[in-house]
Amino acid sequence: MKITYFDTLDSTNKYLKENFSNLNNLDSVVAYHQTSGRGRLGRTWVDQDDLLMSILIKEGLENIYIERLSLLICHTIFRTIKEILRNNDVKIKWPNDILVDGKKICGILLEGVSSEKLDAVIIGFGVNVNSEKFSDDLIIKATSLKLISKIKYDINELSKIIFNNFLEDYDKFLMGDNNYLRTCKDNSYLIGKIVSITENDKTYLAKVVDILENGHILLDINGSVYEKSSGEISLTDNYK
Ligand code: BTN
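Report on the accompanying structure. Remember, it's a predicted structure, so these values are computed and weren't measured experimentally. Positions within a chain are numbered from 1, following the residues in the order the chain's sequence is written. Side-chain atom pairs in this predicted model are given and counted only at pLDDT of 80 or more, local residue features only at pLDDT of at least 70, and totals for whole chains, interfaces and linings cover all residues. Hydrogens and water are ignored here; the side-chain numbers use all heavy atoms of the structure.

Turning next to the packing of aromatic side chains. In this scheme Phe, Tyr and Trp rings, the latter by its six-membered ring, pair at centre separations within 6.5 Å, and the angle between planes marks the pair as stacked below 30 degrees, edge-to-face above 60, and tilted otherwise. Throughout the structure, instances matching the rule amount to 5 aromatic pairs. Measuring from ring centre to ring centre gives 6.3 Å for Tyr-5 and Tyr-32, while their planes differ by 20°; the resulting arrangement is stacked. In this pair, Tyr-5 sits in strand E1 (residues 3-9) while Tyr-32 sits in strand E2 (residues 28-34), placing the two residues 27 residues apart along the sequence. For the exposure calls, accessible area comes from a 1.4 Å probe over protein chains only, and a residue counts as buried if that area is under 20% of its type's maximum, exposed if over 50%, partly exposed in between. For Tyr-32, a relative accessible area of 30% puts it in the partly exposed group. Measuring from ring centre to ring centre gives 5.9 Å for Tyr-170 and Phe-173, while their planes differ by 20°; the resulting arrangement is stacked. Helix and strand assignments come from DSSP, with helices taken as H or I runs of at least 4 residues and strands as E runs of at least 2, each series counted from the N terminus.

Written as structure tokens, this is what we have:
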């Protein structure tokens, strides 16, 4: 397993999707810039001087649920950022965001590659590292390591730290350790909050009750409890 660095790619996720058959399990790529960075829900991901990285999983997929991997990478990035920003409030916002002081510092996008079976899972993430200027609509919602700490970070160094932390966490995950779930629950931005969710074009208010081991969310809608996957609903807003 290795990390390959590129000056520019259209998207690190797309690169791994197209090249997974020639690569090894856990190989990773970093691009210093993406021309078509992909975000969740079909959005684009715009970068400045940030970490844009994807990790390939192509072995052992028979017994793996993508949504568990999603919690696992949240755990890895959470603990890495928490180590760097010891004095800040770092939270995991289900299903895939890492927030610092209520602002997004990392977005995660998992993509599957399937033929008859699931051939590969790509774990892509963008960490706002040295970005300093955000558009007017993002400035209230996004932040970066540099904006918070006033320190410029080395992207290569950070990629290696996250990669090694992930390998460590993934090993434990394969051995059945579910400490990642504890991290996602204990540091959840949403548990206990009222959120607005959209499902099949209908919008509801719901209270977030729990995050489950399978990566689903437990919601209280008008006194009844429902388990939902990130594929079934989208969070449109949250109210304190
Ligand atoms: C989100 O919408 O919050 C998820 C953003 C994921 C962006 C990362 S950047 C590296 C990897 N390659 C992509 O094209 N997207 C992910």
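Next comes the rest of the write-up.
Turning our attention to the packing of helix H2 (residues 66-84) against helix H5 (residues 155-174). Between the N-to-C directions of two axes lies an angle of 0 to 180 degrees, each axis being a line fitted to C-alpha atoms and, for a helix, fitted only over the stretch in contact. Running from N to C, H2 and H5 point in directions that differ by 135°, and their axes come no closer than 9 Å. When the axis of H2 is compared with that of H5, the two are oblique. As for how H2 packs across H5, the hand of that crossing is right-handed. Taking contact as the criterion, the partners of Arg-68, Leu-69, Leu-72, Ile-73, His-75, Thr-76, Ile-77, Arg-79, Thr-80 and Ile-84 in H2 are, on H5, Leu-158, Ile-161, Ile-162, Asn-165, Phe-166, Glu-168, Asp-169, Tyr-170 and Phe-173. When the residues that make up the contact of H2 with H5 are grouped by side-chain class, the tally is 11 nonpolar, 4 polar and 4 charged. Oblique is the label for any angle not under 35 degrees, not over 145, and not in the 65 to 115 range, which are roughly parallel, roughly antiparallel and roughly perpendicular in turn. If you view the pair so one helix is near and one far, a crossing is left-handed when the near helix is turned anticlockwise from the far one by less than a right angle, and right-handed when it is turned clockwise. The contact criterion used throughout is that any non-hydrogen atoms of two residues lie within 4.5 Å. Side-chain classes are defined by residue name, with Ala, Val, Leu, Ile, Met, Phe, Trp, Tyr, Cys and Pro counting as nonpolar, Asp, Glu, Lys and Arg as charged, and the others, Gly among them, as polar.

Before going further, it helps to examine the nonpolar core. The set of buried Ala, Val, Leu, Ile, Met, Phe, Trp, Tyr and Cys residues whose side-chain atoms join them within 4.5 Å is what this entry labels a nonpolar core. Counting 57 residues, the largest nonpolar core has Leu-51, Ile-81, Ile-98 and Phe-125 as the members making the most contacts within it. By size, the runner-up hydrophobic cluster in this structure holds 8 residues, among which are Phe-20, Leu-23, Leu-56 and Ile-122.

Sizing a probe to match a water molecule and rolling it over the atoms shows the empty space that remains. In this analysis a 1.4 Å probe is tested at points of a 1 Å grid over the protein atoms alone, and where it fits but cannot get out there is a cavity; an open set with protein on both sides within 12 Å along at least five of seven lines is a pocket; lining residues have an atom within 4 Å of a point. Grid points are joined across faces, edges and corners, and a volume is the space filled by probe spheres set on the points. Enumeration according to the criterion identifies 1 cavity of 30 Å³ or more in this entry. Considering the residues around the largest cavity, the lining is formed by Leu-71, Cys-74, Ile-92, Lys-93, Trp-94, Pro-95, Cys-184, Ser-188 and Ile-211. Considering only residue class, the lining of the largest cavity consists of 7 nonpolar, 1 polar and 1 charged.

This next bit is on H2. Given a rise of 1.5 Å per residue, 19 residues ought to cover 27 Å, and the 27 Å separating the end C-alpha atoms of H2 matches this to within 8%. In terms of residue burial, H2 counts as a mostly covered element, since 14 of its 19 residues are buried. Expected helix span is computed as 1.5 Å times (number of residues minus one).

Before going further, it helps to examine the sheet that holds strand E4 (residues 90-93). Taken together, 7 strands build an open sheet; the order of strands is E1-E2-E3-E7-E6-E5-E4 and the sheet is mixed. The sheet is open, and its two edges are formed by E1 and E4, each paired on a single side. In this sheet, adjacent strand axes meet at a mean angle of 20° when their direction is disregarded. Two strands pair under a simple rule: DSSP has to find at least two bridges between them. As paired elements, E4 and strand E5 (residues 97-100) share 4 bridges and run antiparallel to each other. Of the residues in E5, the one forming a bridge with Ile-92 is Ile-98. Each of E1, E2, strand E3 (51-57), strand E6 (103-114) and strand E7 (118-127) is contacted by helix H1 (residues 12-19), which is oriented at about 25° to E3, the strand it contacts most. Strands in contact with H5 are E1, E2, E3 and E7; relative to E3, the strand with the most contacts, it is inclined by about 30°.

Moving on: the site of the ligand. In these notes, residues near a molecule or strand are those with any non-hydrogen atom within 4 Å of it. Residues in contact with the ligand amount to 20 residues; listed here are only the nearest, Ser-11, Thr-12, Arg-38, Arg-40 and Lys-104. We call two N or O atoms a polar contact when they sit within 3.5 Å, provided that within protein one can donate a hydrogen and the other can accept it, with sequence-adjacent residues counted only if both atoms are side-chain atoms. Contact between the ligand and Thr-12: a nitrogen atom at 2.9 Å from a side-chain N or O atom of the residue. In this structure, Gln-34 approaches the ligand through a side-chain N or O atom, which is 2.9 Å from a nitrogen atom. Notes on the ligand: free accessible area 410 Å², of which the protein chains cover 98%. To be counted as sitting in a cavity or pocket, a molecule needs more than half of its atoms within 2 Å of that site's grid points. The cavity that encloses the ligand is the largest pocket. Listed by contribution, the elements that provide at least two residues to the shell around the ligand are H1, E3, E6 and E7. Residues belonging to the shell around the ligand are distributed by class as follows: 6 nonpolar, 10 polar and 4 charged. Methods summary: accessible areas were calculated by the Shrake-Rupley approach with a probe of 1.4 Å, and residue burial reflects only the protein chains presented.

What is shown is where atoms sit, not what they do.
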